[in-house]
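The primary structure of each chain is shown beneath.
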Amino acid sequence: VAAEADVQKVVALAEARLGRIDLMCSNAGVSVRDPDFNNATSASNETWMLGWNVNVMAHVYAARAALPGMIARGGGHFLHTVSAAGC
């Protein structure tokens, strides 16, 4: 879910096999923590980017992939699961 092209492919495949998407459930999340509990700055930039890409951008990518079809049909719903555990 951290790669927009992959999300686009999954949505296109689902629509091709199952039909239109009326409810898009976006339920991705990872928990990233500092490796050194006593050092709040010990997480790498890569770790921060993984958390950002999965916990935030994956939901943006899901909306970008499914929203055009919903707009064209005049309706649809999104359910984004957001958890404090992903922070």
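Residues numbered from 1 in each chain as written. Predicted model: local features only at pLDDT ≥ 70, side-chain atom pairs only at ≥ 80, totals over all residues. Heavy atoms only, no water.

1. Notes on the pairing of strand S2 (residues 77-80)
- Two strands pair when backbone bridges link them, and strand S1 (residues 23-26) and S2 are joined in this way by 4 bridges, in the parallel orientation. Bridging across to S2, Ser26 finds its partner in His80.
- Once you follow S1 into helix H2 (residues 45-73) and on to S2, the crossover reads as right-handed. (Pairing = 2+ DSSP bridges. Helix = DSSP H or I, 4+ residues; strand = E, 2+ residues; numbered from the N terminus. Right-handed = clockwise from strand over helix to strand, strands pointing away.)

2. Quick notes on H2
- An ideal rise of 1.5 Å per residue puts 42 Å on 29 residues; H2 measures up with 41 Å between its terminal C-alpha atoms.
- The axis of H2 is deflected most strongly, by about 45°, at Met57.
- Burial in H2 covers these residues: Gly51, Val54, Asn55, Met57, Ala58, His59, Tyr61, Ala62, Ala65, Ala66, Gly69 and Met70.
- Of the residues flanking the end of H2, it is Gly74, one or two places downstream, whose phi is positive at about 85°. (Expected span 1.5 Å × (residues − 1). Bend = angle between axes of the 7 residues up to and from the residue. Buried < 20%, exposed > 50% of the residue type's maximum accessible area, 1.4 Å probe, protein only.)

3. A word on the side chain of His59
- When you line up the elements, His59 lands in helix H2.
- Beyond its immediate stretch of four places on either side in the chain, His59 contacts Ser26, Asn27, Ala28, Val54, His80 and Thr81. (Contact = heavy atoms within 4.5 Å.)

4. A few points about the nonpolar core
- Core analysis: the biggest nonpolar cluster contains 10 residues, these being Val7, Val11, Ile21, Met24, Met57, Tyr61, Ala62, Ala65, Ala66 and Met70.
- Listing elements by their share of this core, those giving two or more residues are helix H1 (4-18) and H2.
- Looking at which element gives the most residues to this core, the answer is H2, with 6 residues. (Core = buried A, V, L, I, M, F, W, Y, C linked by side-chain atoms within 4.5 Å.)

5. Details of the layout of surface pockets
- The volume enclosed by the second largest pocket comes to roughly 170 Å³.
- In terms of lining, the second largest pocket is formed by Val1, Asp6, Val7, Val10, Val11, Met24, Cys25, Ser26, Asn27, Ala28, Ala58 and Ala62.
- When residues of the lining of the second largest pocket are traced back to their parent elements, those giving at least two are H1, S1 and H2.
- Sorting elements by how many residues they give to the lining of the second largest pocket places H1 first, with 4 residues.
- For the lining of the second largest pocket, the residue count by class is 9 nonpolar, 2 polar and 1 charged. (1 Å grid on protein atoms, 1.4 Å probe; cavity = no way out; pocket = protein on both sides within 12 Å on 5 of 7 lines; lining within 4 Å. Points joined across faces, edges and corners; volume = space filled by probe spheres on them. Nonpolar A, V, L, I, M, F, W, Y, C, P; charged D, E, K, R; others polar.)

6. Remarks on the environment of Val11
- In this fold, Val11 is placed in helix H1.
- On the accessibility criterion, Val11 (4% relative accessible area) is buried.
- Sequence separation between Val11 and Met24 is 13 residues, and the spatial gap between their C-alpha atoms is 9.4 Å.
- Setting aside its immediate chain neighbours within four residues, Val11 contacts Ile21, Met24, Ala65 and Ala66.

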